[in-house]
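One letter stands for each residue in the lines below.
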Amino acid sequence: MSTPSLVTQDLTIRFGGHVAVNQVSCAFHPGELTVIVGPNGAGKTTYFNLISGQLTATSGSVTKDGTDITRMSPSARARHGIGRAFQLTNLFPQLTVLENIRLAVQARAGDGWRMLRPVSSFRGLTAKAEHYLEATRLTPLAHQKAANLPHGDQRKLEVALLMAMEPDIYMFDEPTAGMSLDHAPDVLDLIHQIKADPTKTVLLVEHKMDVVRALADRIIVLHNGELLADGPPAEVMGSQIVRDVYLGTSEGAA
Amino acid sequence: MKQTTGTLVVKLVVLAIAALLLFAPFLFQNVRSLEVAARICIFIVLVASYDLLIGYTGIVSFAHTMFFGFGAYGAAILLKTMGPGWDAVILGAIAGVAVSLVLAVAIGLLSLRVKAIFFAMITLAAASVVLVLVSQLSQLTGGEDGITYRAPDLFKPATKLLTDADGKVLRIFDVRLNGKLAAYYFVFFSSLILFVLMLRFVRSPLGTVLEAIRENEARAEAIGYRVVAYRTFIFCLSATVASLAGTVYAVWLKYTGPDTSLSFAIMIDILLMVVIGGMGTMWGAVIGAVLMVMAQYYLRDLMGAASEALAGIPVLPELLAPDRWLFWLGIIFILLVYFFPKGIAGTAMARGARS
């Protein structure tokens, strides 16, 4: 197998006496889509926060392409190619959809410090933002304020922001949560496209089993902050221990 | 983005204000009016630079007059010690900006990481310390009395910019082309340049990052913007502009004291102006500064006239007595905030948006 793009080694975080993520060691490879499953409170989102930098590990390390990023700020990690979409919609509410996406494009292009020309004269930034608008089918809403969008479109914009960052590592945290059936396929199509690129690594937290089956190259299971199982979908979903802690309890609900 | 009709109206009003200020010496031919016009110019810049912080980036600072004061005292002290000359003004401006930058970087790096409320408290503490220092170091600053000095020769009322055939100062529309006029246009064009520069900043990519930080700091960080660096930078930029405005005002007034450049009363004026005008719009600074300065200078006169006109009627003349002007200013402020929750410019620009 190729060299891993992202490695977590004994990654641990404690909140007081509670160990939310406990010594999770895992390597992720380009061209591979890994789905992270586990019951509520298993530490999936916390694990994501440790990788993208919203939280800093108590011990253990995170490396991206050989660079230790364990202590870096979220913005430094983003500049190292780690992109993250959030479970709870996390946008720039009073800015328009186009402005939201252009901010992500601009961050990627490193143009944030340009201050003497109007942003509208940076045609390249706007063109690229429009490309991602098109890709996420948000073009008709380009000039709406993000706060005024319906929930499903806000979720799409959340994904569009991640796409516009053009990272090496894509991290989706329940991208279709709360989405209606006609919106969800758009987002899943996008993830399929990213997955088709052999240089991109995709991490996905997902509850819906049909989505997991359709997308996963590999599944890891977290339970009480610990890595419980890791392997190809068929193997993991067939294992008894996983059935006991996870699938047995929530497959009906999903 | 499509402009709303409200935005168009606001821009036209601002344009009209700019035209009035440009021709102020010809339109309002008395000393007091010119004083008001110059004060408006300076406060537009001061309030706009504060809007960069509070309106665009969401930083609350109470140290803005401190930076204004550094610029004013820089020019004042050097004009006093070196004598009136452009070298003193330029060195004063540089000294003011330098001191402002050192303090802005220190405050910024030390405390922009903490919560907004702590940052506001730290700026308040810094401003208080500087205010006390200025009143204590009276050899240097003149203490509570301030410093009186002469402006460069060009701005002396006796200076003749142009002379007619008899060697007397030339008049256009009955206005003497003397040093006072030159001083006003120095204030006007310095303010205009600074304001237009700030207008460019907020329209630039940098401006969009500032808005992103105001809207959602955590997400701005997550998509790759170094939030602390941007906040420190804009704090420094805003301090620099305030300091330069202070230098210009010091040259115009030929006097600098705590009451003209450093007091918390000015800080409160700035806050009122930015709230009345509308935060995060730049145009709001213009409207807020004009209304507030006009009210400060003319509300008393207006009330005096109204009080006399109503002399026969009971109660009303008492209520409108000029001494009660602050009471009425307070009521006007409350009404403005009630009817224009986003400030005058902010509320107007949102009008006519829905198609």
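Residues numbered from 1 in each chain as written. Chains lettered and ligands numbered in written order. Predicted model: local features only at pLDDT ≥ 70, side-chain atom pairs only at ≥ 80, totals over all residues.

The secondary structure content of chain A amounts to 9 helices and 10 strands. Whereas a compact globule of 254 residues would reach a radius of gyration of roughly 18 Å, chain A reaches 18 Å, a difference of no more than 12%. When its C-alpha atoms are laid out on the principal axes, chain A stretches across 60 × 40 × 40 Å. Across the 254 residues of chain A, 46% fall into the buried class. Looking at chain A alone, contacts between residues at least 24 apart form 67% of all its contacts between residues at least 6 apart. (Helix = DSSP H or I, 4+ residues; strand = E, 2+ residues; numbered from the N terminus. Rg over C-alpha atoms; globule rule 2.2 N^0.38 Å. Buried ≥ 20, exposed ≤ 12 C-beta atoms within 10 Å, placed from the backbone. Contact = placed C-beta atoms within 7 Å.)

All names here are of chain A. With 5 bridges joining them, strand 1 (residues 6–15) and strand 4 (residues 59–64) adopt antiparallel strand pairing. Among the inter-strand pairings, T12 is bridged to a residue of strand 4, identified as S59. Bridge count between strand 4 and strand 5 (residues 67–68): 2 bridges; the pairing is antiparallel. Within strand 5, the position partnered with K64 by the bridge is T67. Connecting the antiparallel pair strand 4 and strand 5 is a turn made up of 2 residues, with D65 showing a positive phi of about 45 degrees. (Pairing = 2+ DSSP bridges.)

Residues and elements named next belong to chain B. Following both chains from N to C, one finds helix 3 (residues 31–57) and helix 14 (residues 283–309) inclined at 140 degrees, their axes separated by 8 Å at the closest point. By the criterion of interaxial angle, the relationship of helix 3 to helix 14 is oblique. In terms of crossing hand, the pair formed by helix 3 and helix 14 is right-handed. Mapping the contact onto sequence places V36, R39, I40, F43, I44, V47, A48 and D51 in helix 3 and G284, A285, V286, G288, A289, V290, V293, M294 and Y297 in helix 14. Grouping the amino acids of the contact of helix 3 with helix 14 by side-chain chemistry returns 13 nonpolar, 2 polar and 2 charged. (Axes fitted to C-alpha atoms, helices over the stretch in contact; angles between N-to-C directions. Parallel < 35°, antiparallel > 145°, perpendicular 65-115°, else oblique. Left-handed = near helix turned anticlockwise from the far one by under 90°. Nonpolar A, V, L, I, M, F, W, Y, C, P; charged D, E, K, R; others polar.)

Taken together, the contact pairs 22 residues of chain B with 33 residues of chain A. Elements represented by at least two residues in the side of chain B that touches chain A include exactly helix 8 (179–203), helix 9 (205–215) and helix 10 (217–222) of chain B. It is helix 9 of chain B that provides the largest number of residues to the side of chain B that touches chain A, a total of 7 residues.

As a further point, take the confidence of the model for chain B. Residues and elements named next belong to chain B. The pLDDT averaged across chain B works out to 89; a share of 98% of its residues lies at or above 70. Averaged pLDDT values for the elements of chain B fall to 74 in strand 2 (residues 171–172) and rise to 95 in helix 11 (residues 227–253). This prediction of the complex comes with two scores: 0.89 for pTM and 0.88 for ipTM. (pLDDT = per-residue confidence, 0-100.)

The next thing to look at is the domain arrangement of chain A. Many analyses report the size of an interface as the accessible area lost when the parts associate. Residues and elements named next belong to chain A. Partitioning chain A into structural domains gives domain 1 (1–81 + 168–254) and domain 2 (91–166). Sort the elements by how many residues they give to the side of domain 1 that touches domain 2 and helix 6 (residues 184–196) lands first, with 3 residues. Residue composition of the side of domain 1 that touches domain 2, grouped by class: 6 nonpolar, 3 polar and 1 charged. (Domains from an automatic or database assignment.)

Let us now look at the packing of helix 1 (residues 5–22) of chain B against helix 14 of chain B. All names here are of chain B. Interaxial distance between helix 1 and helix 14 falls to 10 Å at its minimum, and their mutual angle equals 55 degrees. By the angle between their axes, helix 1 is oblique relative to helix 14. Seen along the crossing, helix 1 lies across helix 14 with a hand that is left-handed. The residues of helix 14 that touch helix 1, namely those facing V10, K11, V13, V14 and I17, are W283, V286, I287 and V290. Residue composition of the contact of helix 1 with helix 14, by class: 8 nonpolar, no polar and 1 charged.

Attention now goes to the nonpolar core. In this structure, A:I101, B:I44, B:V47, B:A245 and B:A289 are the most contacted members of the largest nonpolar core, which totals 179 residues. Per-element accounting of this core gives the leading share, 18 residues, to helix 11 of chain B. For this core, the domains that each give at least three residues are domain 1 (1–81 + 168–254) and domain 2 (91–166) of chain A. Dropping the residues within four chain positions of it, B:I44 is found in contact with B:S191, B:F195, B:A285, B:V286 and B:A289. (Core = buried A, V, L, I, M, F, W, Y, C linked by C-beta atoms within 7 Å.)

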